Amino acid sequence: MSHHTVQSGYRDLVLRLNKFPQGAPPSRLLYDILSLLFSEEEASLLSRLPVRPFSAAKAAGVWGKPEAEAQKILEGLASRGHLLDLEQDGVMLYLLPPPMAGFFEFSLMRVRRNIDQKRLSELFYQYLNVEEDFIKALFCGGETQIGRVFVNEEALPERHSSRVLDYERASEVIGSASAIAVGMCYCRHKMSHVGKGCDAPLDICMTLNGAAESLIRHGSARQVDAVEGLDLLQDARDRNLVQCGDNVQDRVNFICHCCSCCCEALLAVRRLAIPSALYSTNFLPVLSPGNCTGCGACVSLCPVAALSPESGTEGGKPRCDEKVCLGCGVCVRSCPREGLALEPRAQRVITPVNSAHRVVLMAIERGTLQHLIFDNQAHLSHRVMAAVLGAILKLSPVKQALAARQLKSRYLARLLANVEVATFSD
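The sections below set out a description of the structure shown in this document. (Residues numbered from 1 in each chain as written. Predicted model: local features only at pLDDT ≥ 70, side-chain atom pairs only at ≥ 80, totals over all residues. Heavy atoms only, no water.)

### Quick look at the sheet that holds strand S6 (residues 203-208)
Two orientations exist for strands paired in a sheet by backbone hydrogen bonds: parallel and antiparallel.
For step 1, the next point in the chain: Here we have 6 strands laid out as an open sheet, ordered S4-S8-S9-S6-S5-S7, and antiparallel in their pairing. The open sheet terminates on both sides in strands that have one partner only, identified here as strand S4 (147-149) and strand S7 (222-224). On average, each strand axis in the sheet is inclined to that of its neighbour by 35°, with strand direction left out of account. (Pairing = 2+ DSSP bridges. Helix = DSSP H or I, 4+ residues; strand = E, 2+ residues; numbered from the N terminus. Axes fitted to C-alpha atoms, helices over the stretch in contact; angles between N-to-C directions.)

### A short note on the nonpolar core
For step 1, the next point in the chain: In terms of nonpolar packing, the biggest core is built from 106 residues, with Leu34, Phe38, Leu83, Phe104, Tyr127 and Phe134 touching the most fellow members.
For step 2, the next point in the chain: Setting aside chain neighbours within four positions, we find Leu83 in contact with Leu46, Leu49, Leu74, Leu77, Ala78, Tyr94, Leu95, Leu96, Pro97 and Ser214.
For step 3, the next point in the chain: If you look at the next biggest cluster of nonpolar residues, it comprises 15 residues, including Phe20, Ala363, Leu395 and Ala403. (Core = buried A, V, L, I, M, F, W, Y, C linked by side-chain atoms within 4.5 Å. Buried < 20%, exposed > 50% of the residue type's maximum accessible area, 1.4 Å probe, protein only. Contact = heavy atoms within 4.5 Å.)

### Describing the packing of aromatic side chains
For step 1, the next point in the chain: Tallied over the full model, the rule gives 8 aromatic pairs.
For step 2, the next point in the chain: Seen in terms of ring centroids, Phe103 and Phe104 are 5.4 Å apart; in terms of plane orientation they differ by 90°. Their pairing is edge-to-face.
For step 3, the next point in the chain: Relative accessible area serves as the criterion here: at 1%, Phe103 is assigned to the buried category.
For step 4, the next point in the chain: Residue classification places Phe104 among the buried residues on the basis of a relative accessible area of 0%. (Phe/Tyr/Trp six-rings, centres within 6.5 Å; stacked < 30°, edge-to-face > 60°.)

### Overview of the environment of Gln22
For step 1, the next point in the chain: One can find Gln22 in the loop between helix H1 (8-17) and helix H2 (28-37).
For step 2, the next point in the chain: When the C-alpha positions of Gln22 and Gly102 are compared, they lie 9.6 Å apart, and in sequence the two are 80 residues distant.
For step 3, the next point in the chain: Contact partners of Gln22, with chain neighbours within four places excluded, come to Leu17, Pro98, Pro99, Met100, Ala101, Leu138, Ile146, Arg358 and Met362.

### Description of the layout of surface pockets
For step 1, the next point in the chain: Put simply, the second largest pocket is a space of about 660 Å³.
For step 2, the next point in the chain: Around the second largest pocket sit 27 residues that line it, and Glu143, Tyr279, Arg348, Val349 and Ile350 are the ones nearest its centre.
For step 3, the next point in the chain: Taken together, the residues that form the lining of the second largest pocket break down as 13 nonpolar, 7 polar and 7 charged. (1 Å grid on protein atoms, 1.4 Å probe; cavity = no way out; pocket = protein on both sides within 12 Å on 5 of 7 lines; lining within 4 Å. Points joined across faces, edges and corners; volume = space filled by probe spheres on them. Nonpolar A, V, L, I, M, F, W, Y, C, P; charged D, E, K, R; others polar.)

### Looking at the pattern of salt bridges
For step 1, the next point in the chain: Summed over all chains, the structure comprises 21 salt bridges.
For step 2, the next point in the chain: The closest approach of N and O atoms between Glu143 and Lys399, which form a salt bridge, is 3.2 Å. Highlighted residues: Glu143 in the loop between helix H8 (133-140) and S4 and Lys399 in helix H19 (residues 397-407), separated in sequence by 256 residues.
For step 3, the next point in the chain: Ionic pairing is found between Arg358 and Asp246, a salt bridge with its closest N-O pair at 2.4 Å. Within this pair, whereas Arg358 is found in helix H16 (residues 355-366), its partner Asp246 is found in strand S8 (residues 242-246), the two being separated by 112 residues in sequence. As far as burial versus exposure is concerned, Arg358 and Asp246 are alike and both buried.
For step 4, the next point in the chain: Among the charged side chains, a network of salt bridges with common partners joins Glu143, Glu365, Arg366 and Lys399. (Salt bridge = Lys/Arg side-chain N within 4 Å of Asp/Glu carboxyl O.)

The values reported here are purely geometric and, on their own, carry no functional implication.
Pasting the structure below:
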């Protein structure tokens, strides 16, 4: 299907997707993907939904349908993993997630007969792994990223364990989650359909907390307890898989156990030389020259090729590219002679507090903040407006200025000016 003659429902849905910081550049492949996932009528309905979470009553008003009919449509879309349904204060709210991390992954997190998953995987592979526009837009649009890397706690020396905060420990995030769901790894499932799969396990990637509750409710993933979740984490670490998760401190929504051959983000770092596709940990591997024999084990296992043999050194001892290194610790655990040790980075990496904070940061950097605030379908209340502006006011002065320029709002400019006056007067 050519995107020049695409049906209007799909075209409108693409416009809607690109109101969110994690959008999807239009192309023939994208329209083919959407036509496999949605009917044109569904695409048209989805295109009119608010950016922020909404109720069935809100959707009914937007669509001009009875609430019961709107509810049925929403539940059908949620059952297929295209919407998330989240209960809040006894009310079910719905959210159209971005393509990634979102409904692209959900479409391959289980074996399904109502979608041609082989064809979908082939389209995903072409759109994400061959064409570069989507990956570049996803990872190069700004410095704030969707995901971050968790340090392998077993690779940390005891003297640095106190430097790692609870939200930086995958074990703590999993152990304290209100719900844990395990589904098929989207990346490896996709690659298996195009003949490029690996032997890393499929059923190991985790969704957590509210997002997990939605996927469990609709059978998109199976529920596990904290004990099994921690067992899966240990299995992943023993296989030298990298833990990549939601780039937030509070209520982390996912932790994936990533291999270098299938993971979109790890491939982006290597294939497109995007050093900041994932937020790194606060550590770097440092060589212990007296122990290193130059065996090359760490170089071969580094998931992003941040280590390379240094020319002119005895035995080709490794050199670390700090701009590329994830600080995951895979190399440290793989060394048979303790030739590497994790040491703190010179400057600490700052993680967004929660999803709202991260989304606002991404929206500012990618020029889409106005869509979060002035969402035509949402008819935002003063309470929601205050929440978004409150997040803006917590940003650095440089990013506040970017936000003000994007919105071109006298109100926001005055608000930021008042904050500046208050700050200097303290």
